[in-house]
Amino acid sequence: MRIAIAADHNGVGLKRRLIEALRAAGHVVDDRGADEAAGTIDYPPLCEDVCRRVVAGTADRGIVVGGSGQGEVIACNKIAGIRAGLCPDVWHAEISRGNNDANVLVLGAKVIDPDLAEQVVASWLTTPFKGAEHARRVAMIATLERGDSLLG
Ligand SMILES: O=C(CO)[C@H](O)[C@H](O)COP(=O)(O)O
């Protein structure tokens, strides 16, 4: 897969490790920053950068690494067409993909062990969307994204 990845100052170390693992697994990785030497950096533009690539189709999936990841998942989900999931463990990764058809994975470097983070990424990249009733719900979320109501 073509994967766009970014991290703020809290996530640069984990991002470096994930890039190595992703490339070793055969993925094409587009590192969108930040650089380790960049110092403290605001995460919303990094989120936008990754998400725009996913929406444009120049990346198949996106990964964003923050400290907790909470702000990152909020920022990513402001971009139309993005379904971002904050996944602290493999179970959340399976739900994020299987139920939500997520196209961006968010990780919190302060709250996840790096070995587990690699497992989460591997699971998230390989778990298929289950469709069926979940496709109906994802379509409902898209309705909300367009500003339309589900309430009749
Ligand atoms: O995870 C994050 C947002 O969800 C950021 O990494 C975090 O908020 C940055 O904060 P600070 O500048 O205090 O390190």
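Here, every reference points to the structure presented above.
This report concerns the structure included in the present document. Here the residue numbering is sequential within each chain, running from 1 through the sequence in written order. Per-residue local features of the predicted model are confined to residues with pLDDT of at least 70, and side-chain atom pairs are confined, for both listing and counting, to 80 or more; whole-chain, interface and lining totals are unaffected and use all residues. Note that water and hydrogens are dropped before the side-chain values are worked out from all heavy atoms of the structure.

Digging into the pattern of salt bridges
Move 1: Between Lys or Arg on one side and Asp or Glu on the other, a salt bridge is scored when a side-chain nitrogen of the former is within 4 Å of a carboxyl oxygen of the latter. What the rule picks out here adds up to 13 salt bridges.
Move 2: Between Arg53 and Asp30 there is a salt bridge, with the nearest N and O atoms lying 3.5 Å from each other. With Arg53 in helix H2 (residues 44-56) and Asp30 in strand S2 (residues 28-31), the pair connects residues that are 23 residues apart, well separated along the chain.
Move 3: Through salt bridges with shared partners, a single ionic network connects Asp30, Arg32, Asp49 and Arg53. Elements are defined by DSSP. Helices are runs of H or I of four residues or more, strands are runs of E of two residues or more, and each kind is numbered from the N terminus.

What about the packing of aromatic side chains?
Move 1: Geometry of aromatic contacts follows a simple scheme: Phe, Tyr and Trp rings, the Trp one being its six-membered ring, pair when their centres are within 6.5 Å, and the pair is stacked under 30 degrees between planes, edge-to-face over 60, tilted otherwise. Scanning the entire structure with this criterion turns up zero aromatic pairs.
Move 2: The residue whose ring lies beneath Arg61 is Trp124, and the NZ or CZ to ring-centre distance is 5.0 Å. To sit over a ring, a charge needs its Lys NZ or Arg CZ within 6 Å of the ring centre and within 35 degrees of the ring normal.

Thoughts on a nonpolar patch on the surface
Move 1: Distance thresholds for patches are 9 Å for like charges and 5 Å for nonpolar side chains (Val, Leu, Ile, Met, Phe, Trp, Tyr), applied to residues having over 30% relative accessible area and no salt bridge. Areas reported here follow the Shrake-Rupley algorithm with a probe of radius 1.4 Å; residue values treat only the protein chains shown as occluding. Taken together, the side chains of Met140, Leu144, Leu150 and Leu151 define a hydrophobic patch exposed on the protein surface, amounting to about 420 Å² of accessible area.
Move 2: As for its position among the elements, Leu150 is in the segment after helix H6 (133-145).

Read these as geometric descriptors, not functional statements.
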